[in-house]
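# Remarks on the overall topology
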Amino acid sequence: MKVVVEFMETGRYKDSVWEPSFHTGKGSLRSVSPAYAAQLIKHSKAILHIKEDGSAAIEY
């Protein structure tokens, strides 16, 4: 399972050790692991992407 976040800062990010890092820009949407999403949100690097019905965007 992955959750969709919207990045608040342009930069290079890495979700997990076995995946390559990726570059993304401010306002970009990307699916990441729930643990990495929590870390990004805690450090104000991203916000959780919310769908129109008010639920979190999740990918399985």
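Data block above holds the structure.
So, a few notes on the structure that sits alongside this text.

About the thresholds
Residues numbered from 1 in each chain as written. Predicted model: local features only at pLDDT ≥ 70, side-chain atom pairs only at ≥ 80, totals over all residues. Heavy atoms only, no water. Helix = DSSP H or I, 4+ residues; strand = E, 2+ residues; numbered from the N terminus. Contact = heavy atoms within 4.5 Å. Polar contact = N/O pair within 3.5 Å; in protein donor to acceptor, adjacent residues only side chain to side chain. Core = buried A, V, L, I, M, F, W, Y, C linked by side-chain atoms within 4.5 Å. Buried < 20%, exposed > 50% of the residue type's maximum accessible area, 1.4 Å probe, protein only. Phe/Tyr/Trp six-rings, centres within 6.5 Å; stacked < 30°, edge-to-face > 60°.

Okay, the environment of Tyr13 next. Topologically, Tyr13 is positioned in strand S2 (residues 11-13). Sequence separation of Tyr13 and Thr24 is eleven residues, and the distance between their C-alpha atoms is 7.7 Å. With near-sequence residues (within four places) excluded, Tyr13 lies in contact with Phe7, Ser21, Phe22, Thr24, Tyr36, Leu40 and Lys45. Of the polar contacts made by the side chain of Tyr13, one reaches the backbone oxygen of Glu9; its length is 2.8 Å.

Time to look at the nonpolar core. Val3, Val5, Phe7, Tyr13, Phe22, Val32, Tyr36, Ala37, Leu40 and Ala46 together form the largest nonpolar core, which totals ten residues. Contributions of two or more residues to this core are made by strand S1 (2-7) and helix H1 (34-42). Look past the residues within four positions of Val32 in its chain and what remains in contact with it is Lys2, Val3, Val5, Asp15, Phe22 and Ala37.

Below, the discussion takes up the packing of aromatic side chains. Tallied over the entire structure, the rule returns three aromatic pairs. For the ring pair Phe7 and Tyr13, a centre distance of 4.7 Å and an interplane angle of 45 degrees mean the geometry is tilted. With respect to burial, Phe7 and Tyr13 carry one shared label: buried. Each ring, one from Tyr13 and one from Phe22, has its centre 6.1 Å from the other, and the planes form 35 degrees; the classification is tilted. With relative accessibility at 8%, the residue Tyr13 sits in the buried group. In textbook terms, an aromatic cluster arises when at least three aromatic residues are bridged by ring pairs, as seen for Phe7, Tyr13 and Phe22.

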